[in-house]
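Coordinate inspection notes
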Amino acid sequence: MAGKKEAGEACFNGYYEEIYKDRWARLKEALTQESAGIGVSYEGYPSYYLDAGSIAAACALPVDSAESILDLCAAPGGKTLILSRLVNKNAAITANELSAERRTRLLRVLNDHVPHEKRQKITVTPFDGSIMYKKNKDSFDAVLLDAPCSSERHVLMSPFHLLQWTKARIRNLSYTQWSLLSASFLMVKENGYLLYSTCALAPEENDGVVSKLCKKYDNVQIVDIDCDTIKLKVEEISGKEVFIHPEKTKYGLHILPDTSNGSGPLFFCLIKKSISKFKN
């Protein structure tokens with residue numbers, strides 16, 4: 001029928017095949033395999049399992065000298081857990097999550113996996129991240145935004161979601177990602193850092209959103225991330241050798257499962273908020 005919305009598996013495959021060309025077949029196969037995950041734990045506490053790409057993204061945010069850190073979309077809590085291991089003893093972390101259901105899971109993860117003395121330095125908040133900047137401009141030394149995204153790996157694992165998939169999913173999510181990224185940037189102090197990440201394959205949700213930030217604000221500075229340094233940090237935290245191969249994009253790095261032993265997809269980009277050229 002004319003005007004019928006294109007949806008479903010064929011539409012999904014066609015879209016990503018256009019982006020990844022001949023690579024799509026092996027990438028899709030890797031996406032459908034279960035990712036083993038890496039156990040991260042404090043001594044005496046149970047392990048929490050994360051994708052190696054998620055650990056890498058959290059490790060890319062410079063927090064060693066930061067005193068105020070925001071994890072804007074913090075549930076289920078894995079990246080907050082990693083940040084708690086990286087920050088200095090005086091640092092305070094705000095772990096924000098709008099969804100009450102996801103916030104309950106976040107609290108459980110932090111309470112079960114983080115030692116009491118470090119847990120006391122983490123405050124869990126329930127705000128809408130896209131408008132949180134109104135009361136928190138220039139408030140944080142470092143912000144981590146792991147934004148809601150297409151999560152193609154989960155789509156492929158769910159026949160229902162694969163049947164419902166359309167290109168509009170990416171477009172709509174990119175709007176949400178942009179509002180959260182813009183808000184995050186406004187909450188970072190000058191000379192502070194913002195780490196943007198997604199588990200999306202679509203460039204529109206990754207470099208595309210970062211590109212809008214670069215055009216919107218004059219003081220966006222993209223920071224190169226050294227792949228070898230990140231890999232060493234992941235191995236130090238996990239206590240084991242990891243096999244990840246971050247691929248450079250226009251603005252960041254992309255870890256994809258067909259070349260990283262099943263890890264990913266995970267895109268991340270490091271942004272520094274320099275002093276505005278037009279500051280009064």
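The text that follows walks through the structure, step by step, so that each part is easy to find. Keep in mind the model is a prediction, meaning the values are calculated, not measured.

It is worth spelling out the overall build of the chain at this point. For the chain, the count of helices and strands is 11 helices and 11 strands. For 280 residues, the compact-globule estimate of 2.2 N^0.38 gives 19 Å, and the C-alpha radius of gyration of the chain, at 19 Å, lies within 12% of that figure. Looking at the chain as a whole, 52% of its 280 residues qualify as buried. Contacts spanning at least 24 positions in sequence make up 75% of the contacts within the chain whose residues lie at least 6 apart. Summing over all exposed atoms, the chain offers an accessible surface of approximately 13800 Å²; the carbon and sulfur share of this is 50%. Placing the 36 positive and 34 negative side-chain charges of the chain at their respective mean positions leaves the two points 6 Å apart.

What follows covers the environment of aspartate 226. Mapped onto the elements of the fold, aspartate 226 is located in the loop between strand 8 (220-223) and helix 11 (227-238). When the C-alpha atoms of aspartate 226 and phenylalanine 268 are compared, they prove to be 12 Å apart, with 42 residues separating the residues in sequence. Among the polar contacts listed, one links the side chain of aspartate 226 to the side chain of threonine 229, at a separation of 2.7 Å.

Another aspect to go through is the pattern of salt bridges. Tallied over the full model, the rule gives 9 salt bridges. Where aspartate 258 meets arginine 23, a salt bridge forms, and the shortest distance between an N and an O atom there is 2.7 Å. Here aspartate 258 is found in the loop between strand 10 (253-255) and strand 11 (266-273), whereas its partner arginine 23 is found in the loop between helix 1 (9-20) and helix 2 (24-31), with 235 residues between them in sequence. Here arginine 23 falls in the buried class, since its relative accessible area comes to 15%. With a closest N to O distance of 3.4 Å, lysine 189 and aspartate 141 form a salt bridge. Residue lysine 189 is found in strand 7 (residues 188-198), and its partner aspartate 141 is found in strand 6 (residues 140-146); the two are separated by 48 residues along the sequence. A cluster of three or more residues bridged by salt bridges with shared partners is formed by Arg23, Arg26, Glu247 and Asp258.

Moving on to helix 1. When the terminal C-alpha atoms of helix 1 are compared, their 16 Å separation across 12 residues agrees well with the 16 Å that a helix rising 1.5 Å per residue should span. Within the span of helix 1, buried status applies to Cys11, Phe12, Asn13, Tyr15, Tyr16 and Tyr20. Backbone geometry just downstream of helix 1 places lysine 21 in the positive-phi region, at approximately 55 degrees.

This part is about the nonpolar core. Side chains of a nonpolar character, in soluble globular proteins, are inclined to be buried together. Counting residues in hydrophobic clusters, the biggest one holds 45 residues, and the most contacted among them are Ile55, Leu61, Val63, Ile69, Ile82 and Phe268. When residues of this core are assigned to their parent elements, the largest contribution, 6 residues, is made by helix 3 (residues 52-59). In this structure isoleucine 69 touches Val63, Leu83, Val87, Ala91, Ala92, Ile93, Thr94, Phe140 and Ala142, once residues within four positions along its chain are discounted. In terms of nonpolar packing, the next biggest core, distinct from the first, is built from 25 residues, Leu70, Leu213, Val220 and Tyr251 among them.

Evaluation of the coordinates by the stated rule reveals 9 aromatic pairs. Consider the rings of phenylalanine 12 and tryptophan 165, whose centres lie 5.3 Å apart with planes at 85 degrees: the pair is edge-to-face. Here phenylalanine 12 is found in helix 1, whereas its partner tryptophan 165 is found in the loop between helix 8 (159-164) and helix 9 (167-187), with 153 residues between them in sequence. For the pair formed by phenylalanine 12 and tryptophan 165, the shared burial category is buried. Seen from their ring centres, tyrosine 16 and tryptophan 165 are 5.9 Å apart, and the 50 degrees between their planes marks the pair as tilted. In this pair, tyrosine 16 sits in helix 1 while tryptophan 165 sits in the loop between helix 8 and helix 9, placing the two residues 149 residues apart along the sequence. Given a relative accessible area of 0%, tyrosine 16 falls into the buried group. For tryptophan 165, a relative accessible area of 2% translates into the label buried. Members of the aromatic cluster, joined through ring pairs, are Phe12, Tyr15, Tyr16, Trp24 and Trp165. Across the ring face of tyrosine 42, the terminal group of arginine 85 is positioned such that the distance to the ring centre comes to 5.3 Å. Above the face of the phenylalanine 185 ring, lysine 273 is positioned so that its terminal group lies 5.3 Å from the ring centre.

Moving on to the packing of helix 9 against helix 10 (residues 207-216). The geometry of helix 9 relative to helix 10 is characterised by a closest axis approach of 9 Å and an angle of 45 degrees between their N-to-C directions. Relative to helix 10, helix 9 is oriented oblique. You can see that helix 9 and helix 10 cross each other, and the crossing is right-handed. Only Val209, Val210, Lys212, Leu213 and Lys216 of helix 10 make contact with helix 9, whose side of the interface consists of Ser174, Gln177, Trp178, Leu181, Ser182 and Phe185. Each residue belonging to the contact of helix 9 with helix 10 can be placed in one class, and the counts come to 6 nonpolar, 3 polar and 2 charged.

Rules and cut-offs
Residues numbered from 1 in each chain as written. Predicted model: local features only at pLDDT ≥ 70, side-chain atom pairs only at ≥ 80, totals over all residues. Heavy atoms only, no water. Helix = DSSP H or I, 4+ residues; strand = E, 2+ residues; numbered from the N terminus. Rg over C-alpha atoms; globule rule 2.2 N^0.38 Å. Buried < 20%, exposed > 50% of the residue type's maximum accessible area, 1.4 Å probe, protein only. Contact = heavy atoms within 4.5 Å. Areas by Shrake-Rupley, 256 points an atom, 1.4 Å probe, with all protein chains shown as cover. Lys, Arg positive; Asp, Glu negative; His and termini not counted. Charge placed at Lys NZ, Arg CZ, Asp CG, Glu CD. Polar contact = N/O pair within 3.5 Å; in protein donor to acceptor, adjacent residues only side chain to side chain. Salt bridge = Lys/Arg side-chain N within 4 Å of Asp/Glu carboxyl O. Expected span 1.5 Å × (residues − 1). Core = buried A, V, L, I, M, F, W, Y, C linked by side-chain atoms within 4.5 Å. Phe/Tyr/Trp six-rings, centres within 6.5 Å; stacked < 30°, edge-to-face > 60°. Lys NZ or Arg CZ within 6 Å of the ring centre and 35° of its normal. Axes fitted to C-alpha atoms, helices over the stretch in contact; angles between N-to-C directions. Parallel < 35°, antiparallel > 145°, perpendicular 65-115°, else oblique. Left-handed = near helix turned anticlockwise from the far one by under 90°. Nonpolar A, V, L, I, M, F, W, Y, C, P; charged D, E, K, R; others polar.

Read these as spatial facts, not as claims about activity.
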